[in-house]
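Given next are the chains, with one letter for each unit.
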Amino acid sequence: MKDDGEMKAKGACCPEKKEELARIEAAYEAWKKNVLDKRVARFNLQKSPTAFYPPTALPEHDFLEKVGFPGQYPYTAGNSPFEFWRAMAGMAAQTNYRADWGGKVGKYAGFGTAQDYRDYLKRMHTMGRRGGPNIAFDLATQCGYDSDDPRTAGEVGRVGVAVDSFADFEVIYEPYTGDMEMDKVASNFTINAPAAIIIAMYYALAKKRGIDPKIIEGTPQNDILKEFIARGTYIYPPRQSLRLFRDTALFCTEHMPKLNICSIGGYHIREAGATREQDLAFSMANAAAYVRSCTEAGLPVDIFAPKITFNAFGGSMELYQEIAFQRAARRFYSRMMKERFGAKNRESLIIRQISTAHIGCSSATLQRPLNNWIRGAVGGMAAGMSGGIPGVFPPWDEPLGLGHSQEAVQMQMDGSRILLYETGITEVCDPWAGSYFMESLTDQIEADALAEFEKIEQMGGAVAGIESGYMPKAVAQSAYEKQKQLESLEKYQVGVNCFTSDLEVDVRINRCVEATYDAALMATAEDRQVASLRELKRTRAQNPVKAALKKLEAEARDESKNLMPTLIECVGAYCTLQEMCDVMRGVFGEAQPVKL
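Residues numbered from 1 in each chain as written. Predicted model: local features only at pLDDT ≥ 70, side-chain atom pairs only at ≥ 80, totals over all residues. Heavy atoms only, no water.

(A) Fine view of the pairing of strand β3 (residues 186–190). The element β3 is largely enclosed, with a buried count of four among its five residues. As defined by bridge partners, strand β2 (residues 132–136) adjoins β3 across three bridges and the pair is classed as parallel. Among the inter-strand pairings, Ala136 is bridged to a residue of β3, identified as Thr190. Strand direction decides the pairing type here: β3 and strand β4 (residues 217–220), joined by four bridges, are parallel. From the neighbouring strand, Ala186 faces β4, where its bridge partner is Glu217. Following the backbone out of β3, through helix α9 (residues 195–208) and into the adjacent parallel β4, one traces a crossover that is right-handed. (Buried < 20%, exposed > 50% of the residue type's maximum accessible area, 1.4 Å probe, protein only. Helix = DSSP H or I, 4+ residues; strand = E, 2+ residues; numbered from the N terminus. Pairing = 2+ DSSP bridges. Right-handed = clockwise from strand over helix to strand, strands pointing away.)

This is how it looks when you write it as structure tokens:
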């Protein structure tokens, strides 16, 4: 990226502009002395509680270089003049279209056994929700363990569906036939450490059904580096984990070109406590590591980069900052891809994410939870003013446990509809373009994130930043500082650390939780899953299992080998998830948590 000197030289002011700015600066100083300072003194304050940004805040601002037009580099003003959802908004309103009930991918869900989740999908289809599986996996699956491993006791099927083998995967897709065959819907897989195995299952299922894997669509999260920074569901050390990412990216680019290769998530990093600038810097460092792993393997950047997606960045209640953050993120990524990696394809330069700004689930409170609907609406305003769907997120009962109520989901959808159809918020693309305040804030967020990014790059990149403990420790320290601010009343949270007297009213409404997580099924899920797994292990042909796992071990020891074809063989032989992961654990070793 260009350094500050280069930027200043290009944006140098003409003499007339300098004279005008000098007059404004003199008037600004007079205003501060005669108006602002006197008011500050009148209220006995140390400084003004508000800020004002005159033209002198942007003395050398180059609009075309820093902002440009929507749909043009550097995409600060947006990826396009308007998105598909905006073009179709009127039709949706006139036909009473349920936005959550359409599209190629269904609602994010998963629980119990594969049979439980399959039956849930069937129920959704009868309700008109005909999208493909958007799978939440249980913790055992995410960490590469089978349901019969003693370490998984109490976790099987709890926070997602248990997938121990290709047999489970086949069951999940039983409802997808005919006009809902797997080549007519898309699938999302929210999983990281064993993502290569799940992708192998998706490929193997297409082949088994006689469908060309080159035409099936979907998105695996496959963002393993953020697991080391924030979330924790890693298996192998960072470098070996990045090797698996490389293998999936190279394989998918050639054999599954309609499948996105990853969905990068700064969201999890911010939710773990990172600052806004760390969120952006660490996400970009991870993205750079992923891109570099592919280019160093000989893959041209414009061949695979268009299939990189972003899940979401983090969010907060700070409206202006979150709008500026999204603008800065688009500019940061496009410049990085163009100037560092030589990307030329427009699709390689844009951040592909379905949402933009939001408040983040950690902004929702357990105390007086109905207030979260108002908080979510603030996030929707930020999204609408930063190039995204003005989505009210999360549903107000997010802190109350798994399973949003139908009332909360209805209020969430209606909140988004009100912003879209009644406020006119999306009628202007990047309404803040050229604002002295917003452009200054965008520049500052980008500059601070870039400084942090460069620090990580000088360490050797994201993998080195993780191995040294720098990135996870930085997030932990920021989380500590954030909590201190709440406890010391430096930051306020209504109903949590202020306005908590007995005179306040805790408003409640009915909550009818959709029968996603059936209590009776959940109570027996682990026993049923373990019994099913043991039956699979007893009845499968053992020789193909042994041969496939032996081949996997040999190829895992050879860094030049792409493991995807062998993982597909293992999947087809009904090797279990843990059997495959254990072979790779034996070769790669296991990652150890950072001591904070």
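After that view of the structure, there is still more to cover.
(B) Representation of the packing of aromatic side chains within the structure. All chains considered together, the criterion is met by 24 aromatic pairs. For the pair Phe169 and Tyr173, a centre-to-centre distance of 5.0 Å together with 40° between the ring planes defines the contact as tilted. Classification of Phe169 as buried rests on a relative accessible area of 0%. For Tyr173, a relative accessible area of 0% translates into the label buried. Plain terms: the ring middles of Tyr203 and Phe251 are 5.3 Å apart, the flat faces sit at 70° to each other, and that makes the pair edge-to-face. With a gap of 48 residues between them, Tyr203 in helix α9 and Phe251 in helix α11 (residues 238–255) connect regions that are remote in the sequence. A relative accessible area of 13% places Tyr203 in the buried class. What makes Phe251 buried here is its relative accessible area of 6%. Chaining the aromatic ring pairs together yields one cluster made of Phe169, Tyr173, Tyr176, Phe189 and Tyr202. (Phe/Tyr/Trp six-rings, centres within 6.5 Å; stacked < 30°, edge-to-face > 60°.)

(C) Examining the environment of Pro431 more closely. Tracing the backbone through its elements, the reader meets Pro431 in the loop between α18 (406–421) and α19 (436–459). The class of Pro431 is partly exposed, set by a relative accessible area of 40%. Counting along the chain gives 303 residues from Pro431 to Gly128, while the straight-line C-alpha distance between them is 36 Å.

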